[in-house]
Amino acid sequence: RLDTGEFRFARFMGTLLSIPALALGMANAMAIAFSFVGDTWGGHTFFKSLIRWDSVLVDWIVVVVYIIVPIFIGGISLASCIDNWWERTLIAWFVGTFACYIAFAIATITIEIDSCLQLVRFNPELRSPDFREFNFKTNLNVVKRAILMRLKHQFSGEVIIRYNVLGSEKISSKLTLSEVRKKNEYFESK
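In this report, the structure presented in the accompanying data block is examined. Sequence positions are assigned chain by chain, starting from 1 and proceeding in written order. This being a predicted model, a pLDDT of at least 70 is required before a residue's local features are given, and a value of 80 or more before pairs of side-chain atoms are given or counted; all residues contribute to the totals for chains, interfaces and linings. For side-chain calculations, the full set of non-hydrogen atoms in the structure is used, while hydrogens and water are omitted.

1. Looking at the packing of helix 1 (residues 9–41) against helix 4 (residues 85–121)
Two measures define how a pair of helices packs: the angle their axes make with one another and the distance between the axes. Each axis is a line fitted through C-alpha atoms, taken for helices only over the stretch in contact, and angles between the N-to-C directions span 0 to 180 degrees. Helix and strand labels come from DSSP, where a helix needs a run of H or I of at least four residues and a strand needs a run of E of at least two; each type is numbered from the N terminus. It is at 10 Å that the axes of helix 1 and helix 4 come closest, and there the two elements cross at 110°. By the angle between their directions, the pair helix 1 and helix 4 is classed as roughly perpendicular. Touching Ala-29, Ile-32, Ala-33, Ser-35, Phe-36 and Asp-39 of helix 1 are Thr-97, Cys-100, Tyr-101, Phe-104, Ala-105 and Ile-109, all from helix 4. Of the residues that constitute the contact of helix 1 with helix 4, the class distribution is nine nonpolar, two polar and one charged. Roughly parallel covers angles under 35 degrees, roughly antiparallel covers those over 145, roughly perpendicular covers 65 to 115, and oblique covers all other angles. A contact between two residues is defined here by any heavy atoms of the two lying within 4.5 Å. Residues are grouped as follows: Ala, Val, Leu, Ile, Met, Phe, Trp, Tyr, Cys and Pro are nonpolar; Asp, Glu, Lys and Arg are charged; every other residue, Gly included, is polar.

Shown next as structure tokens:
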């Protein structure tokens, strides 16, 4: 209970440790919002490519959501002699804009996840006969493989190899790492 006034360390640490997750989530939401504003300013190219309707129909839907519905609500509020008609108009505009943003965000995230899974699913090095059918079990296996690849990439480290070639000297592609290091040390000593 919060009204007891006593300090609880576990709740405090849980709240403190949730701040990075909140900051990351808000940063992702702002990145999607930036793309949404750019897409809206650019003529809704993402919505038009996603829905594959006529371009004029998408533009009319946007005009109805952004302009006609708020003007209609504002007009009804004015005709009803409501003092805060502008608040209702503004709320209607915010709700319409937010609904379009949510649809954009869901579509963007869905397409990004599907693209990632397609890259894993159709990668020739990772292709498996199990992935030819598309059902929940194979999609779950693709997700597991994508997570495994991400973790492997993150925790495996990397090796940086520099190749120095003089004139006509050819370096074989079948050199071991120790042979490459010896050649690098030879060239660095000169």
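Additional details are given in the paragraphs that follow.
2. Points about the nonpolar core
Generally speaking, a soluble globular protein has its nonpolar side chains buried in company with each other. Side-chain atoms within 4.5 Å are what join buried Ala, Val, Leu, Ile, Met, Phe, Trp, Tyr and Cys residues into a set we call a nonpolar core. Each residue's exposure class comes from its accessible area (1.4 Å probe, protein chains only) as a fraction of the maximum for that residue type: buried when under 20%, exposed when over 50%, partly exposed otherwise. Listed in full, the 10 residues of the largest apolar core are Ile-32, Phe-36, Phe-47, Val-58, Val-62, Tyr-66, Cys-100, Tyr-101, Phe-104 and Ala-105. Elements with a contribution of two residues or more to this core: helix 1, helix 3 (55–79) and helix 4. It is helix 4 that provides the largest number of residues to this core, a total of four residues. Setting aside residues no more than four positions away along its own chain, Val-58 makes contact with His-44, Phe-47, Lys-48 and Trp-53.

3. Concerning the side chain of Asp-39
By secondary structure assignment, the location of Asp-39 is in helix 1. Only four residue types enter the charge count, namely Lys and Arg as positive and Asp and Glu as negative; His and the chain termini do not. Any carboxyl oxygen of Asp or Glu within 4 Å of a side-chain nitrogen of Lys or Arg constitutes a salt bridge here. Lacking a salt bridge, the buried Asp-39 has Lys-48 as its closest oppositely charged neighbour, with an N-O distance of 8.6 Å. Polar contact is defined as a pair of N or O atoms within 3.5 Å, subject to the rule that within protein one atom must be able to donate a hydrogen and the other to accept it, and that residues adjacent in sequence are counted only when both atoms are side-chain atoms. In terms of polar contacts, Asp-39 uses its side chain to reach the backbone amide nitrogen of Phe-46, at 2.7 Å. Those residues in contact with Asp-39 that sit more than four places away from it in its chain are His-44, Thr-45, Phe-46, Phe-47 and Phe-104.

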